[in-house]
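A look at the structure
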Amino acid sequence: MFRYFGLIAGFVFLMSCNSETASKYKPKTPAFGKMNDVVVICDKNLWSSFIGDTFAYYYESAFPVMPQPEAIFDIRHMTSEEVLADDLKKQLRTFVVLANFKDTDSPTSAWVKEDLGTDKIARAMSDFTFYSSVGQDKWARDQLIIYLFGKDLNMLAHSIAATFPAVAKRIQEHDKKQLNANVYAHKKDNTLAHDLLIREYGLDLQVPADYVQAPIKADFSWFRKDFNGMSQHLLIAKKKYTSQADMSQANLVKWRDELVSKIEGGSKGSYMKSNTVDLPVYEYAYQLNGSYTKELRGIWEMENDFMGGPFFNYTLLDAKRNELIMIDAFVFAPGKEKRDYMQQLDHIAKTARIAATN
C-alpha cells in the first residue's frame with residue numbers, strides 16, 4: 001500500500017534477501033509479535049540524536065486516512081546489548097538495525113559489521129548507493145531483520161529516508177501471513193455471501209465467515225462484523241458504466257453518499273455521509289487483480305449525530321459487462337485505534353476479482 005509514499009528507492013535491492021547473511025542464521029522457535037510492530041536496534045546516543053527523529057518522521061508518520069492521527073508502525077527502541085543478552089527479545093518478528101560505521105566504539109556497528117562481512121563493509125564505505133541489507137530468520141523462524149547503515153551519520157539519515165518506501169512494503173509483506181490469519185480466523189467459507197456477490201454483482205470476494213449480512217432494503221449489499229463495541233463494514237453496489245466521468249472522484253463520492261445515506265445513526269433523522277471538508281479524500285488508480293480500479297480514502301460522519309470514522313472505497317470497472325462495482329469499507333470503533341481494523345478490511349477488499357461471464 002505504500003504507493004502513498006512516493007517513489008520506491010532501492011526497491012530491487014531490498015526485495016532481494018541477503019542470502020549470505022540469511023544462510024548463517026539458524027532458526028529455532030517461531031518468532032512472535034504483532035503486525036506493525038517494529039523493534040529498532042541501535043545505540044542509545046544514536047537514537048537520541050537526529051537519527052532517531054529522522055526514523056520517527058518516516059516510520060511514525062500518519063496512516064492514511066484517520067479521524068485522529070495513527071502511526072504507520074508501532075516503534076520500540078532497544079540497544080544491541082539488550083537484544084543479544086535476552087533470548088526472549090531475540091524471538092521478536094521484525095527488527096530494523098541502525099548503524100553508523102564512523103563510530104568505532106559502537107557495539108551495534110561492530111555487530112552489524114560482523115553480520116555483513118568484510119566485503120560488504122568495504123563496499124558501504126566506498127559505494128554511496130549501498131546502505132541497506134535484508135536478512136531473515138536470524139534467531140527465529142519467520143523473522144525479518146533489516147540493516148540500515150552508513151559511513152557516517154549523514155549517510156545513515158539518507159539511508160533511512162531513501163529506503164523507507166521499500167522497507168515499509170517489505171514489512172507489510174512480512175505481516176501478511178499474520179494479517180490473513182487474523183481476518184480469516186474462522187476456517188469456514190462464507191458461502192452465502194460468496195454466492196450472493198457472484199450472482200448479484202459478478203464479483204468474487206472472499207468475505208470472512210464471521211461477517212453477517214445486515215437486513216436493509218437498499219440497492220446494495222451490506223456485510224458487517226460486530227465485536228467488543230466496534231464494527232467493520234463492507235458495502236457492495238453496482239451500476240452501469242457510461243463514461244470516464246463516472247470514475248471521477250466527485251462522481252464516486254456522490255455515488256457513495258447516495259448509498260450510505262440509507263444507513264441511519266442512533267438519532268432520528270441521522271444518516272451517513274462522506275466528510276470532504278475536515279480532511280481531503282485521497283485518490284489512487286491502479287489494476288486490482290486484472291481490473292482497472294479507483295481507490296478513495298477519507299472519513300465519514302453521521303449527519304445529525306456524533307459518529308464518524310475512516311473509510312476506503314474501491315470501484316472496479318467490469319469491462320465485459322460494462323458495469324462499475326463499488327466496494328465500500330468503513331469502521332466504527334469509538335475511542336479505539338482503527339489502523340489494524342482498516343488493514344483487515346483492505347485485505348478482504350484486495351481479494352476482489354471480476355467473476356467470469358457465462
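No experiment lies behind these values; they were computed from the predicted model shown.

1. So, helix α6 (residues 107-116)
Among the residues of α6, those classed as buried are T108, S109, W111, V112, D115 and L116. Projected onto a plane normal to the axis of α6, the buried residues spread over an arc of 160 degrees and lie on a single side. Structurally, the start of α6 carries an N-cap: the backbone nitrogen of T108 is 3.3 Å from a side-chain oxygen of S106. Residue G117 follows α6 closely and has a positive phi angle near 95 degrees.

2. Focus: the pairing of strand β14 (residues 323-332)
Among the 10 residues of β14, nine are classified as buried, and the element is accordingly described as predominantly covered. Looking at chain direction, strand β9 (residues 230-240) and β14 are connected through 10 bridges and run antiparallel. Residue I236 lies in a different strand from β14, and its bridge partner there is I327. The pairing of strand β13 (residues 308-318) with β14 spans eight bridges and is antiparallel. Bridging across to β14, L317 finds its partner in L324. Where β13 hands over to β14, the hairpin turn is made up of four residues, of which N322 adopts a positive phi near 60 degrees.

3. Structural notes on the sheet that holds strand β1 (residues 37-41)
An order of β2-β1-β3-β5-β4 is seen for the five strands of this open sheet, with the pairing classed as mixed. Each of the sheet's edge strands pairs with one partner strand only, and the pair in question is β2 (74-78) and β4 (132-136). Averaged over all pairs of adjacent strands, the angle between their axes in this sheet comes to 20 degrees, without regard to strand direction. As judged from the three bridges shared by β1 and strand β3 (residues 94-100), these two strands associate in the parallel manner. Its bridge partner being in β3, V39 is matched across the sheet by F95. Contacting β1, β3, β4 and β5 (144-150), α6 runs over the sheet at an angle of about 110 degrees to β3.

4. Some words on the side chain of K294
Looking at the secondary structure, you find K294 in strand β12 (residues 291-303). At 2.7 Å, the side chain of K294 forms a polar contact with the side chain of E283. Apart from residues no more than four positions distant in its own chain, K294 is found in contact with M247, S248, L252, E283, Y284, A285, N313, Y314 and T315.

Conventions used here
Residues numbered from 1 in each chain as written. Predicted model: local features only at pLDDT ≥ 70, side-chain atom pairs only at ≥ 80, totals over all residues. Heavy atoms only, no water. Buried < 20%, exposed > 50% of the residue type's maximum accessible area, 1.4 Å probe, protein only. Helix = DSSP H or I, 4+ residues; strand = E, 2+ residues; numbered from the N terminus. Arc of directions from axis to C-beta. Polar contact = N/O pair within 3.5 Å; in protein donor to acceptor, adjacent residues only side chain to side chain. Pairing = 2+ DSSP bridges. Axes fitted to C-alpha atoms, helices over the stretch in contact; angles between N-to-C directions. Contact = heavy atoms within 4.5 Å.

Everything listed here is a matter of geometry and, on its own, says nothing about what the molecule does.
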